[in-house]
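Chain by chain, the residues run as shown.
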Amino acid sequence: MQTKEIKAFGTQAANKQLERLTINRRTVTPHDVEIEILYCGICHSDLHSVRNEWGNTAYPVIPGHEIVGKITRVGGLVTKFNIGDLAAVGCIADSCHCCDACREGEEQLCENGWTCVTNSLDKILGGITYGGFSENIVVDENYVLHVPEKLDLASVAPILCAGITVYSPLKRWNAANKRVGIIGIGGLGHMAIKIAKAMGATVAVFSTSAKKAEDAKRLGADEFILSGNVAQMSSTPKLDMILDTVSGNHNVNPYLHLLKINGLLVIVGLPVDPLAVDSSSLVNGRKSFSGSIIGGIRETQEVLDFCAEHNITPDIELINVADINIAFDRLQKGDVKYRFVVDMKSLRGYQN
Ligand code: NAP
Ligand code: ZN
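These numbers were taken from a predicted model, which means no experiment stands behind them. (Residues numbered from 1 in each chain as written. Chains lettered and ligands numbered in written order. Predicted model: local features only at pLDDT ≥ 70, side-chain atom pairs only at ≥ 80, totals over all residues. Heavy atoms only, no water.)

Ranked by internal contacts, the top residues of the largest apolar core, which has 96 residues, are I42, F133, L170, I195 and I324. Structurally, this core is a two-domain feature, drawing no fewer than three residues from each of domain 1 (3–160 + 315–347) and domain 2 (162–291). What I195 contacts, discounting residues up to four positions off in sequence, is G163, V166, Y167, L170, V303, F306 and I312. Grouped together as the second largest cluster of nonpolar side chains are 15 residues, I183, F206, L239 and L256 included. (Core = buried A, V, L, I, M, F, W, Y, C linked by side-chain atoms within 4.5 Å. Buried < 20%, exposed > 50% of the residue type's maximum accessible area, 1.4 Å probe, protein only. Domains from an automatic or database assignment. Contact = heavy atoms within 4.5 Å.)

The following block contains the structure:
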């Protein structure tokens, strides 16, 4: 298979800074498109991954799975995109195409293992997949999204992971007209507030950071609860559903107590340590404890269109590649409002 060398930004080891690297991309095959990457978001999963917090990182790792750009080449059998179109890629770069989940458009549940755009086995080229901190990416058109023209292009990027990851469970469990709790105001959490409100939910937000109270209201939350404040926690009216977007180790049991009968706690955050669930809080009140992972390609297009229809864009801090290491350190400290997006055009002139 033909490849070409391109510039990328990634790291060689868990304890090393991200730096300018050179990687190989395959050239387009008949169903592929090549996308010049214009913007790429930084998700907390990128941080878990570059620092090998989940213990599954293959180095060098090129992170980035919230990718927005422009089509620069199309394979001979491509039908959905033309050169010059805006296009986006999220977490899913490939899947088996033939299991029940893939046929139903739920590629994130592929029974034979989907290919993540970064740090996955690359079944086409061999080796490991390299993500969006790079000049361009080559993906089968069936895993590429159309970008609604009316949205600000840099702000579209976080919808590709943060947006779909919260949209999918809020839709699946019918957030509309329910009392919904969101734990954590970060990349996922702030999008969850906006999307749940647009769906018609009443939204209560739980945060460890008192200084985010004003932002929570500005983002649309109806209630702000400081999770460390026992009085505020115990006086919170019961909720139908709670979405846990927390990236760090924490105790979920106080939230199970806040659910109504038949209430549901959905985990989307991926802290390193296993969560310990107090079975009596789950059993009493017949509550459910569940999880959710991103969303399929069809649903990812749906959330992009939903955001365009409801004028929802993430709150972003736009940075250049030269500031990526600072951004990762700030993300670790919860110091971002509320998603870093890298202007990937800055990689082209980057020296070092
Ligand atoms: P983020 O921007 O860093 O936000 C996480 C928020 O969690 C923080 O802002 C903070 O909010 C809260 N938090 C962090 N550590 C905490 C702790 N020890 N105890 C209590 N609260 C804490 O991260 P993100 O990009 O939104 O990602 C969140 C998590 O979702 C990550 O683990 C990521 O890997 C995972 N994720 C999962 C999927 C999926 O498909 N399921 C997709 C994408 C990401 P407050 O300051 O408001 O407390
Ligand atoms: Zn992500």
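From this point, things continue past the structure.
The next subject is the sheet that holds strand β14 (residues 259–267). Taking strand neighbours across the sheet as the criterion, the 6 strands line up as β12-β11-β10-β13-β14-β15 in an open arrangement whose pairing is parallel. A strand with exactly one partner marks an edge of an open sheet, and here the two such strands are β12 (223–226) and β15 (288–291). Taking the axes of each pair of neighbouring strands and ignoring which way they run, one obtains an average angle of 20 degrees across the sheet. Taken together, the 5 bridges between strand β13 (residues 239–244) and β14 define a ladder with parallel strand orientation. Opposite D244, over in β14, you have I267 as the bridge partner. Of the strands in this sheet, β10 (179–183), β13 and β14 touch helix α4 (residues 162–172), which is tilted by about 160 degrees from β13. (Pairing = 2+ DSSP bridges. Helix = DSSP H or I, 4+ residues; strand = E, 2+ residues; numbered from the N terminus. Axes fitted to C-alpha atoms, helices over the stretch in contact; angles between N-to-C directions.)

The next point concerns the state of the cysteines. Disulfides are covalent bonds that connect the sulfur atoms of two cysteines. Enumeration according to the criterion identifies 0 disulfides in this entry. A disulfide-free cysteine, C98 has its sulfur positioned 3.7 Å from the sulfur of C96, the nearest such atom. There is no disulfide at C307, and the cysteine sulfur nearest it, in C161, is 13 Å away. For C307, a relative accessible area of 0% puts it in the buried group. (Disulfide = S-S within 2.5 Å.)

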